[in-house]
Amino acid sequence: MIRLGFQLLGGAKTFQPSLSIKVEQIRTTFVLKRRYPPLLDKQNRPPKPLVTKNFVYDEVENTNLKKEPDLKLILTSFVEGVGLKNEIVTVRPNFGRFKLLACGLAVYASPENLEKLKKDLENSDNKVQTTLHSSRFAELTRRDLASKILVVLVNQENPWTIEKWHIRAAFRRTGIWVPDHAIKMGDKPISGPNLELEKKYFLVTVTINNLETTPVRCMIRHWSTFPELRLPKVDGYLEPPYEPIFEDEREIISTLPLPVFCLKKSVAS
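Note that the coordinates shown come from a computational prediction; the quantities given were computed from them, not determined experimentally.

The next point concerns the overall build of the protein chain. In terms of regular secondary structure, the protein chain is built from six helices and 13 strands. Within the span of the protein chain, comprising 269 residues, buried residues form 26% of the whole. A separation threshold of at least 6 residues defines the contact pool for the protein chain, and within that pool the share at least 24 residues apart is 56%. Carbon and sulfur atoms form 56% of the exposed surface of the protein chain, whose accessible area is close to 19,500 Å².

On inspection of all chains with the given rule, the structure shows eleven salt bridges. Note that E68 and R97 form a salt bridge whose closest N and O atoms lie 2.5 Å from each other. Of this pair, E68 sits in the loop between β4 (57-62) and β5 (71-75) while R97 sits in helix α1 (residues 93-101), and the two are 29 residues apart along the sequence. Here E68 falls in the partly exposed class, since its relative accessible area comes to 38%. Residue R97 is classed as partly exposed on the basis of its relative accessible area, which comes to 30%. Linking D70 and R92 is a salt bridge whose minimum nitrogen-to-oxygen distance equals 2.3 Å. In this pair, D70 is assigned in the loop between β4 and β5 and R92 in the loop between β6 (88-91) and α1, connecting sequence segments 22 residues apart. For D70, a relative accessible area of 42% corresponds to the partly exposed category. Look at the salt bridges and you will find they share partners, linking E243, E247 and R250 into a network.

Following the criterion strictly, the structure yields one aromatic pair and no others. Their ring planes at 65° and their centres at 4.9 Å tell us that Y201 and Y242 sit as a pair that is edge-to-face. A residue pair is termed long-range when its members are at least 10 positions apart, and Y201 in strand β12 (residues 201-208) and Y242 in the loop between β13 (212-223) and α5 (250-255) qualify at 41 residues. Across the pair, Y242 and Y201 agree in class, each one buried.

In this section: the pairing of β12. Burial analysis of β12 places six of its eight residues in the buried class, the great majority of the element. The sheet contact formed by strand β10 (residues 183-184) and β12 spans two bridges and is antiparallel. Residue K184 lies in a different strand from β12, and its bridge partner there is T205. The sheet contact formed by β12 and β13 spans eight bridges and is antiparallel. Bridging across to β13, Y201 finds its partner in M219. Counted between consecutive antiparallel strands, the loop separating β12 from β13 contains three residues, among which N209 sits at a positive phi close to 55°.

Let us look at the environment of S135. By the element assignment, S135 lies in the loop between α2 (111-123) and α3 (138-146). On the basis of relative accessibility, which here comes to 23%, the residue S135 falls in the partly exposed class. Beyond its immediate stretch of four places on either side in the chain, S135 contacts F78, L84 and N209.

Spatially, β8-β13-β12-β10 is the arrangement adopted by the four strands of the open sheet, whose pairing is mixed. The open sheet has two edge strands, β8 (149-155) and β10, and neither has a second partner. Of the strands in this sheet, β12 and β13 are in contact with α3, which crosses β13 at around 30°. Contacting β8, β10, β12 and β13, helix α4 (residues 164-173) crosses the sheet at an angle of about 125° to β8.

Next up on the list: the sheet that holds strand β7 (residues 106-108). If you walk across this open sheet you meet the three strands as β6-β5-β7, and the pairing is antiparallel. Each edge of the open sheet is held by one strand with a lone partner, namely β6 and β7. Here the average twist between neighbouring strands, direction ignored, is 45°. Inspection of the sheet shows β5 paired to β6 by four bridges, in the antiparallel sense. If you follow K72 over to β6, its bridge partner there is T90. Each of β5, β6 and β7 is contacted by α1, which is oriented at about 25° to β5, the strand it contacts most.

Reading the values: rules and limits
Residues numbered from 1 in each chain as written. Predicted model: local features only at pLDDT ≥ 70, side-chain atom pairs only at ≥ 80, totals over all residues. Heavy atoms only, no water. Helix = DSSP H or I, 4+ residues; strand = E, 2+ residues; numbered from the N terminus. Buried < 20%, exposed > 50% of the residue type's maximum accessible area, 1.4 Å probe, protein only. Contact = heavy atoms within 4.5 Å. Areas by Shrake-Rupley, 256 points an atom, 1.4 Å probe, with all protein chains shown as cover. Salt bridge = Lys/Arg side-chain N within 4 Å of Asp/Glu carboxyl O. Phe/Tyr/Trp six-rings, centres within 6.5 Å; stacked < 30°, edge-to-face > 60°. Pairing = 2+ DSSP bridges. Axes fitted to C-alpha atoms, helices over the stretch in contact; angles between N-to-C directions.

Given below as structure tokens:
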């Protein structure tokens, strides 16, 4: 929209843009219908002029209020949380245009691009491509597991040795189901009860979809069925520093990302 105004130029009044110019692009489309349609004209007669009531319209559709359809795209590379390379995905228009198309991560799934994709896959010499990601959510899952701290509850009176089912139960308490075959324990056994291991950390390796792997921190917490024998509650026991049980795991534990609650606390402070 351009604001126009009258200016005097050489003693004559001219129609030129005023000093305050505002350019704004507006795309508005309304579908209208005449409330009183004009009557048909007689054959070989001049058309009758429209009367005032013929210019009364009823709104049929306002495209501004209509939900824009999703975009169908072909990914040109792996996009975390969206899909794998050469995968056809359906996304919302704004996300597809600004996050995928503008960044060169996808192209429109037009008939030409679909035909090109089909030919590229057929003519590819290496038909068995090396899979770098098992799914679109694999990397998100890996990062989430790497930032977690599993609290492994062990008995304070009876003897025990940490096994896979301890880790599976600790995952289940956090709302994550991990099968035993996806859990890899360390070579060194951890046995107790031993209060020297209280609030100390060790590592387990979790495999995602038989492809991606990530280390996960686990912390020993002794628990007793007798309330009078339970250890006192300590606030902030999941906050760093993290003391490892085995010294050779200290470097890996220190490089893992902090849990979300630690990041929120540091931002708030």
